[in-house]
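A closer look at the structure
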Amino acid sequence: MRKRTGRRARKKRRKREKGVQTVSLAHESQFVDLRKWLKERGFTSQCLIPARFPDTGRGLMTTQAIKANDLIISLPEKCLLTTNTVLGSYMGEYIKRWHPPVSPLLALCSFLIAERHFGDESQWKPYIGALPKSYTCPVYFPSDVTELLPAGLRRKAEEQREQFREFYSSSLAFLRSLRPLFAQPAEEIFTQDALRWAWCSVNTRTVYMEHPRRECLSRDTDVYALAPYLDLLNHSPDVQVEAGFNKFTQCYEIRSIQGCPRFQQVFICYGPHDNQRLLLEYGFVAPGNPHRVAYVDPGVLKLCLKRDDKQLAQKLLFLRDNKFLENLTFGADGPSWRLMTALRLLSLKPEQYSSWKNVLLGAAVSHDREEWCIEMAHKLCRYLTEDTTKALEQLSRLKQGATQAHLEQLGVVETLRREEQGILGHSQQVLHSLRQQLLPCRRSDTPGEEH
Ligand SMILES: C[S@@+](CC[C@H](N)C(=O)[O-])C[C@H]1O[C@@H](n2cnc3c(N)ncnc32)[C@H](O)[C@@H]1O
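What you see is a predicted model, and the numbers here were worked out from it, not measured in a lab.

A word on the site of the ligand
Near the ligand the following residues occur: Thr56, Arg58, Thr204, Arg205, Asp231, Leu232, Leu233, Asn234, His235, Tyr270, Tyr282 and Phe284. Within the side chain of Arg58, one N or O atom sits 2.7 Å away from an oxygen atom of the ligand. A distance of 2.9 Å separates an oxygen atom of the ligand from a polar atom in the side chain of Arg205. Counting residues per element, the ones that place at least two in the shell around the ligand are helix 10 (192–205) and strand 7 (234–235). Of the residues that constitute the shell around the ligand, the class distribution is 5 nonpolar, 4 polar and 3 charged.

Side note on the packing of helix 5 (residues 104–118) against helix 8 (residues 151–177)
When two helices pack together, their arrangement is captured by the angle between the axes and the distance separating the axes. Two elements in contact, helix 5 and helix 8, have axes separated by 11 Å at closest approach and are oriented at 65°. When the axis of helix 5 is compared with that of helix 8, the two are roughly perpendicular. Once helix 5 is placed against helix 8, the crossing between them reads as right-handed. In contact with Leu105, Leu106, Cys109 and Ser110 of helix 5, helix 8 contributes Phe167, Ser171, Phe174 and Leu175.

Comments concerning helix 10
Its 14 residues give helix 10 an end-to-end C-alpha distance of 20 Å, which sits within 8% of 20 Å, the value for a rise of 1.5 Å per residue. The element helix 10 is largely enclosed, with a buried count of 11 among its 14 residues. If you check which residues of helix 10 are buried, you get Ala194, Leu195, Arg196, Trp197, Ala198, Trp199, Cys200, Ser201, Val202, Thr204 and Arg205.

Overview of the packing of helix 8 against helix 11 (residues 275–282)
Between helix 8 and helix 11, the shortest axis-to-axis distance is 11 Å and the interhelical angle comes to 20°. One finds that helix 8 runs roughly parallel with respect to helix 11. Along this stretch, helix 8 crosses helix 11, giving a crossing that reads as right-handed. Here Leu153, Lys156, Ala157 and Gln160 of helix 8 come into contact with helix 11, specifically with Gln276, Leu279 and Leu280.

Observations regarding the nonpolar core
Soluble, globular proteins show a tendency: their nonpolar side chains are buried together. Of all hydrophobic cores here, the largest spans 75 residues; its most connected members are Ile73, Ile95, Leu112, Tyr229 and Leu230. Of all the elements, helix 5 adds the most residues to this core, at 9 residues. When sequence neighbours within four positions are dropped, the list of residues in contact with Ile95 reads Val86, Leu87, Val102, Ala107, Phe174, Cys216 and Leu217. Formed by 37 residues, the second largest nonpolar core is a distinct cluster that contains Met340, Leu346, Ala377 and Ile423.

A word on the UniProt feature "domain: SET" (unreviewed entry) in the chain
The UniProt record annotates "domain: SET" (unreviewed entry) at residues 46–271. Taken end to end, residues 46–271 comprises 36% helix and 17% strand; its first and last C-alpha atoms sit 27 Å apart.

Considerations on the packing of aromatic side chains
Within the structure shown, the criterion is met by 15 aromatic pairs. Consider the rings of Phe43 and Tyr229, whose centres lie 5.8 Å apart with planes at 55°: the pair is tilted. Of the two residues, Phe43 is situated in the loop between helix 2 (29–40) and strand 2 (48–53) and Tyr229 in the loop between strand 6 (224–225) and strand 7; the sequence distance between them amounts to 186 residues. Each member of the pair, Phe43 as well as Tyr229, is classed as buried. When the centroid spacing of 5.9 Å and the interplanar angle of 25° are considered together, the rings of Tyr90 and Phe111 count as stacked. A residue pair is termed long-range when its members are at least 10 positions apart, and Tyr90 in the loop between helix 3 (83–87) and helix 4 (92–97) and Phe111 in helix 5 qualify at 21 residues. The class of Tyr90 is partly exposed, set by a relative accessible area of 31%. Exposure remark for Phe111: the relative accessible area of 3% places this residue in the buried category.

About the thresholds
- Residues numbered from 1 in each chain as written.
- Predicted model: local features only at pLDDT ≥ 70, side-chain atom pairs only at ≥ 80, totals over all residues.
- Heavy atoms only, no water.
- Near = heavy atom within 4 Å.
- Polar contact = N/O pair within 3.5 Å; in protein donor to acceptor, adjacent residues only side chain to side chain.
- Helix = DSSP H or I, 4+ residues; strand = E, 2+ residues; numbered from the N terminus.
- Nonpolar A, V, L, I, M, F, W, Y, C, P; charged D, E, K, R; others polar.
- Axes fitted to C-alpha atoms, helices over the stretch in contact; angles between N-to-C directions.
- Parallel < 35°, antiparallel > 145°, perpendicular 65-115°, else oblique.
- Left-handed = near helix turned anticlockwise from the far one by under 90°.
- Contact = heavy atoms within 4.5 Å.
- Expected span 1.5 Å × (residues − 1).
- Buried < 20%, exposed > 50% of the residue type's maximum accessible area, 1.4 Å probe, protein only.
- Core = buried A, V, L, I, M, F, W, Y, C linked by side-chain atoms within 4.5 Å.
- UniProt positions renumbered as here; feature names shortened; annotations may be inferred.
- Phe/Tyr/Trp six-rings, centres within 6.5 Å; stacked < 30°, edge-to-face > 60°.

Following this line, the structure appears as structure tokens:
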């Protein structure tokens, strides 16, 4: 095809490209204020600037090349917001007096909400002002978005909502005890929405930092630190960093293992998480994630199995007791070893049943059982593909007339479903070639046999 080179075409192309460019946010007042505030607390960063990236949204870009083993960022303790900060503040006395003791999580959430409420009067205003106003974690999803999630994740999302509801109702009495600190009724400040925002701020942005146990706080582990500016670093599964609080420098430090070229986004790694976990815990999905998988939920497995196997219930029980009903997946290489092993056990005929232990250890059964497993994996893959297609169709219907917040939530679910569609498509091809490899043997030595 001939390339269009006219003035209008060039202008159009530039406009199109502009939409997908990295934009520096360093001049925006929220970041100017944040950097000034951090400087007063001993932190300066010459080379990391906030920017909006076309693929990941807000993050940090380096203006100088970072070499392997260089420090990416070193944030003085004074800049960190931890339970020490809260206990040393106007809220400390209320926490120390309260019984049963408040959890470290609730202490941090209450402080964030109070500081947000104080607005211009807050010492933490520049930090609070730079926090997201809302999140795309499932606890924010309305039911029509939750319903579009794959079965297992939908259940976990519902559990997360329940866990949050429980957190809110069990926190109400303490939150109301903070009434003397405000001119307004505490109920109007510590609303369910405010707690959800604070809960997601802590869950998606804190770095790991151990604190000694204190009598005035509950026994829940206290490993949180909110780290202004540093918490603008996005996740990439492909990078390696060393992170932790350095007792000698009294700074929270992140060191790059591989380095990062100039004018690129600097990433850290939140952990070797698959996309469902990233969505559940952080509200995003990483396209091309090497840990991406599509899960086979036990409910889907049961649905696809034939009911005429009299030992099915017993086999499912064995699988459950040996923890083989969890983490059954299709991944970048096709069906996982665990999935195929579970299917091998399910494929056993009554006379082969005594070998179930060896099967769970990885032993092959017989040629015709292997064929049965591949057919069953195919069936599961087709079922999940259809489920994904239906969800994507429903998703595009919901997108029409959706609000901005709704669109963002749908966008995250769409990325997850599209990634899983890719995995399942590839798995179908892998299964097809496995089936082809078995065919010549089948013709020569195994008569066709149904379960
Ligand atoms: C520690 S914050 C990182 C900074 C964040 N992007 C911001 O604007 O404040 C973690 C959140 O950033 C987003 N995030 C992190 N890595 C991402 C990525 N690779 N792609 C898209 N969003 C990402 C998610 O919303 C996640 O909950």
